[in-house]
Amino acid sequence: MYKFQTFNDAYLESRTYNKGEKVAGFPPYVTFELLNNCNFQCLMCHTTYLEAEKQHLSLDLFKKAIGEISHYGSLVRFIGYCEPLLYSHIEEAISYVKSKNLMLHITTNGSLLTERMIKIILDSQMECLIISFQGLSQEEFCFMRKVNLKSYNKVISNIKSLYNQRTGSKPFIKLTTTVTERDNLSRKDDFIKEHLQYVDEVQITGFTHFVHLDQCFHNDNIWERLKISKPDKIDNLFCHVPNYEMLVKRDGGLYCCCGAFSEDMCMGNFNNDSLHHIWHSSKAEHIRNVISRGDMENFITCSVCPIRYVYGEIGNTVMNARKDTTGKYQQ
Ligand code: SF4
Ligand code: SF4
């Protein structure tokens, strides 16, 4: 059983499986995509273009999964292609995870951080809350997220309210953003300085990804529409993420990567099975073997995965910039 002290311990544990030599006995963190819906309709998100029926994970199935995860001590994450705070059982879900002494991380767009939700989050003592942003300016945020200035201001005031009401160190509050060529990249430092006033860390994680929209979601004109150039594809890449990642989808489907949106990466369904059993199934092993030897084209999600693309001379990693309230700055 894992005995993580901080959420970072879980990520460090995951790195030990990233060389491809071994597979975790049980994933150090388990991601839940609790629903397939969001209250925003961002231009760069495939949730916006999904035609599937809206569905939420049943509370019974959720509790079944958490019950099993509690035997292993994995970190639980509510992220995925959705807004987790829209989940119909979000209050119960947060308190159930914490009642099992598991660490919890939620990524949200920040718009639904009402006073009630802030109280639930603070009372729960969950470990980490990430606010996902877009771009380096108010204008880009509103354009890409298709919202008005009032919505932008509401997100900012929600984050400030959470930060000001927090009395201890939980949750750790982090703001992350991605950028496009539309952004003024010289604003990077100002962006970090501006938002660091009401979060613990600000991170610019890289370029916003559009390839999946072009190739899998009928948006082949998105480059011209947004005036963004296409990135270059990198060959000869290997990926060992399926050695340590597990994604639980709203219907009980289990996937071996938190970015999975295609059925071909489904390892099984835990409605009538256990997470552990599916994790060690021959289907899971097959998916891992194919991806770790670099046959990415075999899976739709992998074929358009952001790790396979780079933005020309700028490069993706150059954009990694972060600063935290201790004053540490990394780039
Ligand atoms: S807020 Fe996040 S999940 Fe919602 S549409 Fe935008 S990118 Fe997608
Ligand atoms: S989608 Fe990307 S990160 Fe996930 S398994 Fe495939 S190549 Fe790896």
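Right, let's walk through the structure included here. Here the residue numbers are simple positions, counted from 1 along each chain's written sequence. Working convention: letters from A go to chains and numbers from 1 go to ligands, in the order in which they are written. The model is predicted, so local features are restricted to residues of pLDDT at least 70 and side-chain atom pairs to those at 80 or more, both for listing and for counting; the totals for chains, interfaces and linings are taken over all residues.

1. Here we look at the overall build of the chain
Along the backbone of the chain there are 12 helices and 13 strands. On C-alpha atoms alone, the chain measures out to a radius of gyration of 19 Å, which is about the 20 Å that the 2.2 N^0.38 rule sets for 331 residues. With the C-alpha coordinates aligned to their principal axes, the bounding extent of the chain is approximately 50 × 45 × 40 Å. Strands here are runs of E lasting at least two residues and helices are runs of H or I lasting at least four, both read from the DSSP assignment and numbered beginning at the N terminus. What the globule rule says is 2.2 Å times the number of residues to the power 0.38, and the radius of gyration is computed from C-alpha atoms.

2. Focus: the site of ligand 1
Proximity of a residue to a molecule or strand is defined by its backbone-placed C-beta atom lying within 6 Å of that partner. Taken together, the neighbourhood of ligand 1 is formed by 13 residues, with Cys 38, Phe 40, Cys 42, Cys 45 and Asn 109 sitting nearest. Only Asp, Glu, Lys and Arg are considered charged, only Ala, Val, Leu, Ile, Met, Phe, Trp, Tyr, Cys and Pro nonpolar, and every remaining residue, Gly among them, polar. A per-class count over the shell around ligand 1 returns 6 nonpolar, 5 polar and 2 charged.

3. Some details on the nonpolar core
Among the nonpolar cores identified, the biggest contains 73 residues, and Leu 34, Val 76, Leu 104, Met 246, Tyr 255 and Cys 256 are the most heavily contacted of them. Look past the residues within four positions of Cys 256 in its chain and what remains in contact with it is Pro 242, Glu 245, Met 246, Met 265, Met 267, Ala 284, Ile 287 and Arg 288. Any nonpolar core is a set of buried residues, restricted to Ala, Val, Leu, Ile, Met, Phe, Trp, Tyr and Cys, that join up through C-beta atoms within 7 Å. In this scheme the burial state of a residue depends on its C-beta neighbours within 10 Å: 20 or more other such atoms mean buried, 12 or fewer mean exposed, and anything in between means partly exposed; the C-beta positions come from the backbone. A residue pair is marked as a contact if its C-beta atoms, positioned from the backbone, fall within 7 Å.

4. Concerning unusual backbone geometry
Cis rather than trans, the peptide bond between Lys 170 and Pro 171 has omega equal to -5°. Mapped onto the elements of the fold, Pro 171 is located in the loop between helix H6 (149-165) and strand E5 (172-179). Phi at His 218 is positive, roughly 55°, even though this residue is not glycine. For His 218, the location among the structural elements is in the loop between helix H8 (211-216) and helix H9 (222-226). For His 218, a count of 10 C-beta atoms within 10 Å corresponds to the exposed category. For Lys 227, which is not a glycine, the phi torsion comes out positive at approximately 60°. Since 9 C-beta atoms lie within 10 Å of it, Lys 227 is described here as exposed.

5. Quick look at the environment of Leu 254
Counting through the fold element by element, Leu 254 comes out in strand E9 (residues 253-255). Sequence separation between Leu 254 and Phe 270 is 16 residues, and the spatial gap between their C-alpha atoms is 7.1 Å. Contacts of Leu 254, omitting those with residues within four sequence positions, involve Met 246, Val 248, Cys 266, Met 267, Gly 268, Asn 269, Phe 270, Leu 275 and Ile 278.

6. Here's the deal with the pairing of strand E4 (residues 128-132)
For E4, a buried count of 4 out of 5 residues is recorded, marking the element as mostly surrounded by other parts of the structure. Where strand E3 (residues 104-108) and E4 come together, 4 bridges link them in parallel fashion. The residue of E4 that forms the bridge with Ile 106 is Leu 129. Crossovers are described as right-handed under a simple rule: with the strands pointing away from the observer, the path leading from the first strand over the helix to the second runs clockwise. Regarding topology, helix H4 (residues 115-124) serves as the crossover connection from E3 to the parallel E4, and that connection is right-handed. Any two strands are treated as partners once DSSP identifies two or more bridges connecting them. Pairing geometry for E4 and E5, over 5 bridges, is parallel. Paired with Ser 132 across the bridge in E5 is Thr 176.

7. Description of helix H2 (residues 59-69)
Within H2 the residues assigned to the buried category are Phe 62, Ala 65, Ile 66 and Ile 69. An end-on view of H2 places all buried positions within 95° of arc, on one side of the element. What points out from H2, more than 90 degrees from its buried face, is the exposed set Asp 60 and Gly 67. Those residues of H2 hidden inside the fold are in contact with strand E1 (29-32), strand E2 (75-78), helix H3 (90-99), strand E8 (245-248) and helix H10 (275-279). Taken from the helix axis, the directions to the C-beta atoms give the arc we talk about.

8. A short note on the packing of H2 against H3
A pair of packed helices is characterised by two quantities: the angle between their axes and the separation of those axes. At a minimum axis separation of 10 Å, H2 and H3 run at an interaxial angle of 15°. Of the possible angle classes, the one that applies to H2 and H3 is roughly parallel. In terms of crossing hand, the pair formed by H2 and H3 is right-handed. Note on element contacts: H3 touches H2 through Glu 92, Ala 93, Tyr 96 and Val 97, opposite Leu 59, Phe 62, Lys 63 and Ile 66. Each axis is a line fitted through C-alpha atoms, taken for helices only over the stretch in contact, and angles between the N-to-C directions span 0 to 180 degrees. By the definition adopted for this analysis, an angle is roughly parallel if under 35 degrees, roughly antiparallel if over 145, roughly perpendicular if from 65 to 115, and oblique otherwise. Two helices crossing with the near one rotated counterclockwise from the far one by less than a right angle form a left-handed crossing, whereas a clockwise rotation gives a right-handed crossing.

9. Focus on the environment of Cys 128
By the element assignment, Cys 128 lies in strand E4. A C-alpha to C-alpha distance of 11 Å links Cys 128 and Val 199, two positions 71 residues apart in sequence.

10. Some words on the environment of Phe 62
With respect to the element layout, Phe 62 can be found in helix H2. For the pair Phe 62 and Val 97, spaced 35 residues apart in sequence, the C-alpha separation works out to 9.7 Å. Setting aside chain neighbours within four positions, we find Phe 62 in contact with Leu 57, His 89 and Ala 93.

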